[in-house]
Amino acid sequence: MKRVALFRLHTDRYPSTDEWPSAILQRPSSAANWNGPYLERKPNDPWKREYKYRHPPAQGLDFDLWSQGPDPQRADDDVTNWQN
């Protein structure tokens, strides 16, 4: 999540859902002050699947970031940035 915050610090906005994750890997044409790359490769969860990302968020945060856990479906084992 720190890498997404750095993107915002430099560009004054969060990446959109459509830009995820390419905007943190290479400069989008709409980001004049981009100072990345913010990661060297696509971010994967511990189960080797790409993290899900949404901006604008549905959970009332700056952005939504989550993994669907060991099974690739919405369930109680999901790991999110909106739950403790």
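Residues numbered from 1 in each chain as written. Predicted model: local features only at pLDDT ≥ 70, side-chain atom pairs only at ≥ 80, totals over all residues. Heavy atoms only, no water.

**Q** What exactly am I supposed to notice about the overall build of the protein chain here?
**A** Along the backbone of the protein chain there are two helices and three strands. On C-alpha atoms alone, the protein chain measures out to a radius of gyration of 13 Å, which is about the 12 Å that the 2.2 N^0.38 rule sets for 84 residues. With respect to the principal axes defined by its C-alpha atoms, the protein chain has extents near 40 × 25 × 20 Å. With 84 residues in all, the protein chain has 31% of them scored as buried. In the protein chain, once contacts between residues fewer than 6 apart in sequence are set aside, the share between residues at least 24 apart is 23%. Within the structure as shown, the protein chain displays about 5,700 Å² of accessible surface, and the carbon and sulfur contribution to it stands at 46%. Computed over 12 positive and 12 negative side-chain charges, the inter-centroid distance for the protein chain is 6 Å. (Helix = DSSP H or I, 4+ residues; strand = E, 2+ residues; numbered from the N terminus. Rg over C-alpha atoms; globule rule 2.2 N^0.38 Å. Buried < 20%, exposed > 50% of the residue type's maximum accessible area, 1.4 Å probe, protein only. Contact = heavy atoms within 4.5 Å. Areas by Shrake-Rupley, 256 points an atom, 1.4 Å probe, with all protein chains shown as cover. Lys, Arg positive; Asp, Glu negative; His and termini not counted. Charge placed at Lys NZ, Arg CZ, Asp CG, Glu CD.)

**Q** Mind showing me how you'd approach the sheet that holds strand β3 (residues 79-80) here?
**A** Note: strands within a sheet are paired through backbone hydrogen bonds, in either parallel or antiparallel orientation. Taking strand neighbours across the sheet as the criterion, the three strands line up as β1-β2-β3 in an open arrangement whose pairing is antiparallel. Two strands lie at the open edges of the sheet, namely β1 (52-54) and β3, each paired on one side alone. Where strand β2 (residues 64-67) and β3 come together, two bridges link them in antiparallel fashion. Each bridged residue has a counterpart across the sheet, and for W66 the counterpart in β3 is T80. (Pairing = 2+ DSSP bridges.)

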